Structure formats: C-alpha cells, structure tokens
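Residue-level structural notes
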Amino acid sequence: MEQLRAVRRLALPDWCIAAGFVRNRVWDHLHGIAPPRAPADIDVLYYDAADLSKESEARYEQRLGELLPGLPWQVRNQARMHVWKGLPQHKDTSDSMVYWLETVTSVGVRLEEDDSLTVLAPLGTDDLLGLVCRPTAFGQTRRDEYEARIASKRWRDLWPRFARDFGLAAGALTGNHRSMISCPTVTRRAIRGHYELSTLFYWLLWGRHIHHGLWRADESPATASTIRIGRAVAFE
C-alpha cells in the first residue's frame, strides 16, 4: 500500500499503478509466494492531454524517488502513448490499456482519498486471476511483438501454473460439468487465499451482490452453497 499512498500524494489525473507490479503481486499471491518478489519496475500511469512533455514524467519520477527512495519508478502519461503505436490519441488511462499486447497486464489499481481501491480493468480480470495469458485484440494485430514479449518474460519459470492462450486453462470441461483446477499441489489454503484476493475485484466490478456458489442441482443454492463452501474451504 505504501506505493499507492506515495503516488496518491502526487494528485495525478486519472492515475493508477498497473502492468507488472499488479500482475506479479497477484500471481505471487496465487502461488503462495510471500513476501512478494521485488518488482522490476513500478508502472505509474496517468492521463494529462494538456502536458505531453517527458520532462513532467521525469519530475514525477523524481518526486516519487524522494517519497520512497530506491524503488524502480516509471511514470508515463497515457495521453502520449498512442504516438509510437501509430494510433489516435487514447481517451483516458483505461482506454490506453486496451492497446497493450496481453490481457493479464491490462489491470491497474488506484487508492482513492477515502482509502478505497479502484480497479481499472478495461479487459476484465478473469485472465489475471486465472493465470492465463492471451493477446488482446490489439496484440492479435501485432502477434510477432506479442510472442517475443511473452518469450522474454519467463513467466512459466516464475509461476509454474501460468498458462498461455488456452481459454479453459484454469478449468476443464468434464461431461456436463465444468471442473475447477485439478492439481494435487493446489491446497485449500491456496483456494482460500485466491478468494480472499479476488473477492475485492469481484465486488469492485459487479457490486456486493456477487455470490460464489457451490451446490448440486437438487439443492437450495442459498443454504447449500454456504454449507458446502464452508466445508470445501475449511481451515487447515
């Protein structure tokens, strides 16, 4: 949270911390890696169409270095990121992330003044939470760039459950049922940890009406799912 608090002090327009910082933290958590690995960089995004200068980005990086020294800050104004891609100017920070190469990186988090979290996920969070990497629609148009980028990341070495480009990578169809991850190394603790993390994203995206259910077809969902979820995610 200290990184989010530091960036909040800059009062940047439409800001978030995104990309590898968020992805790696989530994937470390889902693999039970604690404390999380140190980030290679901390990608700070903001959107200011009135000031497209690189000098402003450098000043923000310097200020963050003063607030939290020794961290690999990287600040980029998304109002100018379209230029090298040969695209029209992005509408806002979320719109800029639509034009990244892979879905799992297109997620950002902002700490609001009331200490609530806002998740910027224009392409959703399913792939991030499911440990699945696939190209965005834009990435499909630049497949060679996408393939080279993914190959250079060594994600499978760092996160063994990482999967590429398979829509059912985090589950499989068996008969008339869709099964969850089938892996003897996935413990109840890991499953519980997943929901402790992912419920925040679900609430932010769909509201507090979201319900994780687990019940048979002949059971009452409201009662049975409460009992069965409690049994399935029991304390170890």
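For the structure, check the block above.
Residues numbered from 1 in each chain as written. Predicted model: local features only at pLDDT ≥ 70, side-chain atom pairs only at ≥ 80, totals over all residues. Heavy atoms only, no water.

A short note on the overall build of the chain
If you tally the helices and strands in the chain, you get 10 helices and nine strands. Counting only residues that meet the buried cut, the chain has 38% of its 236 residues in that class. Within the chain, counting contacts between residues at least 6 apart in sequence, those at least 24 apart form 66% of the total. Entry remark: accessible area of the chain is about 13,400 Å², with carbon and sulfur atoms responsible for 54%. (Helix = DSSP H or I, 4+ residues; strand = E, 2+ residues; numbered from the N terminus. Buried < 20%, exposed > 50% of the residue type's maximum accessible area, 1.4 Å probe, protein only. Contact = heavy atoms within 4.5 Å. Areas by Shrake-Rupley, 256 points an atom, 1.4 Å probe, with all protein chains shown as cover.)

Section: the pairing of strand S3 (residues 73–77)
Only one face of S3 is covered, namely the face carrying Trp 73, Val 75 and Asn 77; the face carrying Gln 74 and Arg 76 is uncovered. Handedness of the β-α-β unit built from strand S2 (residues 42–46), helix H3 (residues 54–67) and S3 comes out right-handed. (Right-handed = clockwise from strand over helix to strand, strands pointing away.)

Regarding the nonpolar core
Residues Trp 27, Val 44 and Leu 64 are the most contacted members of the largest nonpolar core, which totals 38 residues. Secondary-structure elements contributing two or more residues to this core are helix H1 (2–8), helix H2 (20–30), S2, H3, S3, strand S4 (108–111), helix H5 (126–130) and helix H7 (143–153). No other element matches the five residues that H2 contributes to this core. Leaving out residues up to four positions away in the same chain, Trp 27 has contacts with Val 104, Leu 128, Leu 131, Trp 155, Trp 159 and Phe 162. Counting residues in each nonpolar core, the second largest holds seven residues, with Cys 16, Ala 18, Met 97 and Leu 120 among its members. (Core = buried A, V, L, I, M, F, W, Y, C linked by side-chain atoms within 4.5 Å.)

Observations concerning the pattern of salt bridges
Taken as a whole and assessed by the stated rule, the structure comprises 13 salt bridges. Taking the shortest distance from any N to any O, the salt bridge between Arg 76 and Glu 57 comes out at 4.0 Å. Within this pair, whereas Arg 76 is found in strand S3, its partner Glu 57 is found in helix H3, the two being separated by 19 residues in sequence. In this structure, Arg 80 and Glu 57 form a salt bridge, with 2.8 Å as the shortest nitrogen-oxygen distance. Taken together, the residues span a long stretch of sequence, with Arg 80 in the loop between S3 and helix H4 (93–97) and Glu 57 in helix H3 at a distance of 23 residues. Comparing Arg 80 with Glu 57, the two get one shared label, buried. (Salt bridge = Lys/Arg side-chain N within 4 Å of Asp/Glu carboxyl O.)

Side note on H2
Of all 11 residues that make up H2, eight are buried, and the element is covered over most of its length. Turning to H2, its buried residues number three or more, namely Gly 20, Phe 21, Val 22, Arg 23, Val 26, Trp 27, Asp 28 and Leu 30. The positive-phi residue at the C-terminal boundary of H2 is Gly 32, with phi of around 70°.

A word on the environment of Gly 193
With respect to the helices and strands, the residue Gly 193 is situated in helix H9 (residues 188–206). Exposure remark for Gly 193: the relative accessible area of 11% places this residue in the buried category. Expressed as a C-alpha distance, the spacing of Gly 193 and His 31, which sit 162 residues apart in the sequence, is 9.5 Å.

Regarding unusual backbone geometry
At the junction of Ala 34 and Pro 35, the peptide bond is cis and its omega measures out at -5° in the coordinates. By the element assignment, Pro 35 lies in the loop between H2 and S2. Positive phi values are uncommon outside glycine, yet Asp 14 reaches one of about 50°. Phi angles above zero are rare outside glycine, and Ala 19 is one such case at about 65°.

Focus: the side chain of Ser 96
Along the polypeptide, Ser 96 turns up in helix H4. Using a relative accessible area of 1% as the deciding quantity, one classes Ser 96 as buried. Within the structure, the side chain of Ser 96 is placed 3.0 Å from the side chain of Gln 78, a separation counted as a polar contact. Those residues in contact with Ser 96 that lie beyond four places of it in its chain are Gln 78, Lys 85 and His 90. (Polar contact = N/O pair within 3.5 Å; in protein donor to acceptor, adjacent residues only side chain to side chain.)

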